[in-house]
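Observations on the three-dimensional arrangement
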Amino acid sequence: MAQVGVVAEGGHARYTFRLRVSSTARTALAAEWDRCRWVWNECVAKSKAVYLRNKAAGEKQTCGPAQLDRMLTEARKTTSWLREGSSVPQQQIIRDFGRSRTKAYKDISERLPMTRRAGMPKWKTKREALPTLNYTRRGFRLKDGRLHLAGNIAVTVVWSRELPAQPSSVRVYQDSLGHWYASFVVPSQVQPLPETGRLLGVDWGVKETATTTSDAYDLPHAEHGKKARTKLTRYDRMMARRKPKKGQPASKGYREAKKLRAKAYKKVARQRADTGRKWAKKVVRDHDAIAVEDFRPKFLARTTMARKAADAAIGATKAALIEMGRKHRRDIRLVHPAHTTMDCAHCDARAKHRLPLGERTYTCTACGAVSPRDKNSAHVMLIRAGLNPAGADGGRPPGALLQEAA
């Protein structure tokens, strides 16, 4: 029996804005991050010590957020440098550490392959770890268009749009280019769209990012990464020539080349996200129900299609479609991808062999229906999701005309 998941409504959404940070605020944020990074490293050290003690003595002592919070309280009493900073981001980084370690233990208990495990929390070094500060409602406020953080830190927000509700938390972080951003968490707002009476099935692929039951909504491979490959290769060579020896600081030329490379990658990532969001908006606006293949493209990283699959950004596009459907109250149904390329959308028969990825045509051995393989899979999504394929843009399953003519 195929597994179908329905995307639920509600939840929260993030609104991210660029920050204009003065030199005074930048110094204060850097100092705040140094304290939070120290707290994180202390959590890592304490966790390792408890693990080794339990392993040697056979005990079962724990090192959860409650114990780490008590350690933070004692440390703030005895350390004036730590007490100068706000307790809010320090407590939040303990929560982040707890979630990270819980995810690592969960992956171990579920016996996931090493390549898929999250890994235990590691040290955050000053040169490599980028600042990330989390503030709850009692640690920040918005006044006169500016963001005021605990510790008398005020930054200017570049408001590109208004927040739909009062934020419950904010994350202030710096990206690889040195730009500062504020990400506000607000209750998600549902904006229903008028009904259209149309359905759509979506099948993910590599040659085309998304193949649907309607040709007008197919998403071709944009190849943003391929277009920028010449520039990226040049920056990679610049970094390789200036790569410092182990244990030595990087030169100015290496840092500049690294920044240029990060800027180029950032542009490609933004292009992929923009393409996915625009396509998702178009699909959700014109269809009431959408059956989407619950495809996880992570396994493609070990194949010869890894580069092209990564450039397609299937995961980001699928996430954008799910979020857009939740926002506009559309029926998004996730369909398990097992056997979707082997089943016939016309007679529901299953091929007796696995179709090769290079084969672009699907021929049913039971009813003789012939259709493009990905189009057939898109119609199978509708059937698996419990939707009527005849309602997909008023069309019929592929091969129906051939069957009627016969």
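For the structure, check the block above.
Numbering of residues starts from 1 in each chain and follows the order in which that chain's sequence is written. Local features are withheld for residues below a pLDDT of 70 in this predicted model, meaning they are given only at 70 or higher, and side-chain atom pairs are given and counted only at 80 or more; totals for whole chains, interfaces and linings count all residues. Water and hydrogen atoms play no part in the side-chain values, which are based on all heavy atoms of the structure.

Regarding the sheet that holds strand β3 (residues 132–136)
- Read from one edge of the open sheet, seven strands run β3-β7-β8-β2-β6-β5-β4, paired in antiparallel fashion. Looking along the sheet, the strands with just one partner apiece sit at the ends: β3 and β4 (140–143). The average undirected angle you get between the axes of adjacent strands in this sheet is 30 degrees.
- Relative to strand β8 (residues 180–187), strand β2 (residues 12–20) runs antiparallel, the two sharing seven bridges. For A13, the partnering residue across the bridge sits in β8 and is V186.
- Contacts were defined at the residue level, with two residues in contact if any of their heavy atoms lie within 4.5 Å. Between N-to-C directions, angles span 0 to 180 degrees; the directions come from axes that are lines fitted to C-alpha atoms, helices contributing only their stretch in contact. Secondary structure is summarised from DSSP: a helix means a run of H or I of at least four residues, a strand means a run of E of at least two, and numbering begins at the N terminus for each. Those strands touched by helix α1 (residues 23–57) are β3, β5 (146–149), β6 (153–158) and β8, and its axis lies near 110 degrees from that of β6. Pairing between strands requires that DSSP locate at least two bridges from one strand to the other.

With respect to unusual backbone geometry
- Unlike most non-glycine residues, R111 shows phi in positive territory, near 55 degrees.
- Within the fold, R111 resides in the loop between α4 (87–109) and β3.
- Overall, R111 belongs to the exposed group, its relative accessible area being 72%.
- Even without being a glycine, R329 presents a positive backbone phi close to 55 degrees.
- Checked against the element boundaries, R329 lands in the loop between α9 (314–327) and β13 (331–335). Summary of the burial criterion: residues with accessible area below 20% of their type's maximum are buried, those above 50% are exposed, and those between are partly exposed, where the area comes from a 1.4 Å probe applied to protein chains only.

Notes on the packing of α1 against α4
- At their nearest, the axes of α1 and α4 sit 9 Å apart, and the two run at 40 degrees to each other. Classified by the angle their axes make, α1 and α4 are oblique. Considering how the two elements wind past one another, α1 and α4 form a crossing that is right-handed. Across from E32, W33, R35, C36, R37, V39, W40, C43, V44 and S47 in α1, the residues of α4 making contact are P89, Q90, I93, I94, D96, F97, S100 and R101.
- Residues are sorted three ways: Asp, Glu, Lys and Arg are charged, Ala, Val, Leu, Ile, Met, Phe, Trp, Tyr, Cys and Pro are nonpolar, and all the rest, Gly among them, are polar. Grouping the constituent residues of the contact of α1 with α4 by class yields ten nonpolar, three polar and five charged. Our angle categories are set so that under 35 degrees counts as roughly parallel, over 145 as roughly antiparallel, 65 to 115 as roughly perpendicular, and the remainder as oblique. For a crossing to be left-handed, the near helix must be turned anticlockwise from the far one by less than a right angle; the clockwise case is right-handed.

Let's talk about the environment of H179
- You can see H179 is positioned in the loop between β7 (169–174) and β8.
- For H179, a relative accessible area of 25% corresponds to the partly exposed category.
- Measuring from C-alpha to C-alpha, the distance between H179 and D215 comes to 40 Å, with 36 residues separating the pair along the chain.
- Among residues more than four places away in sequence, those in contact with H179 are R18, Y173 and Q174.
- We define a polar contact as two N or O atoms separated by no more than 3.5 Å, with the added condition that, inside protein, one atom must be a possible hydrogen donor and the other a possible acceptor, whereas residues neighbouring each other in sequence contribute only through side-chain atom pairs. Engagement of the side chain of H179 in a polar contact is seen with the side chain of R18, the distance being 3.5 Å.

Describing empty space enclosed by the protein
- Using only the protein atoms, space was sampled on a 1 Å grid; points where a 1.4 Å probe fits but cannot get out form cavities, open sets with protein on both sides within 12 Å along at least five of seven lines form pockets, and lining residues are those with an atom within 4 Å of a point. Grid points are joined across faces, edges and corners, and a volume is the space filled by probe spheres set on the points. Taken as a whole and judged by the stated rule, the model has one cavity of 30 Å³ or more.
- Considered as a void within the structure, the largest cavity measures approximately 90 Å³ in volume.
- Along the wall of the largest cavity there are 14 residues; nearest its centre are T209, A222, T275, D311 and A312.
- Mapped by element, the contributors of at least two residues to the lining of the largest cavity are β11 (219–220), α7 (252–286) and α8 (306–312).
- Element by element, the count of residues in the lining of the largest cavity is highest for α7, at three residues.

Things to note about the packing of aromatic side chains
- Planes of paired rings set the category: under 30 degrees apart is stacked, over 60 is edge-to-face and the rest tilted, where pairs are Phe, Tyr or Trp rings (Trp by its six-membered ring) whose centres lie within 6.5 Å. Inspection of every chain in the model, using the stated rule, returns eight aromatic pairs.
- When the centroid spacing of 6.2 Å and the interplanar angle of 90 degrees are considered together, the rings of W38 and W81 count as edge-to-face. In this pair, W38 sits in helix α1 while W81 sits in helix α3 (residues 80–83), placing the two residues 43 residues apart along the sequence.
- Classification of W81 by relative accessible area gives partly exposed; the value is 35%.
- Between the aromatic rings of Y173 and Y181, the centroid separation amounts to 5.6 Å while the plane-to-plane angle is 20 degrees, which identifies the pairing as stacked.

Some words on the pattern of salt bridges
- One speaks of a salt bridge when a side-chain nitrogen belonging to Lys or Arg is within 4 Å of a carboxyl oxygen belonging to Asp or Glu. Here the structure, examined in full by the defined rule, presents 20 salt bridges.
- Note that E74 and K77 form a salt bridge whose closest N and O atoms lie 3.9 Å from each other. You can see E74 and its partner K77 sitting in helix α2 (residues 65–78), three residues apart, about one turn around the helix.
- Taking relative accessible area as the criterion, E74 reaches 46% and is therefore assigned partly exposed.
- Under the relative-accessibility criterion, K77 is labelled exposed at 58%.
- One salt bridge connects K375 with D215, and the closest N-O pair in it is separated by 2.5 Å. Of this pair, K375 sits in helix α10 (residues 373–384) while D215 sits in the loop between β10 (208–212) and β11, placing them 160 residues apart in sequence.
- Sharing partners across several salt bridges, the network here consists of E32, R35 and E84.

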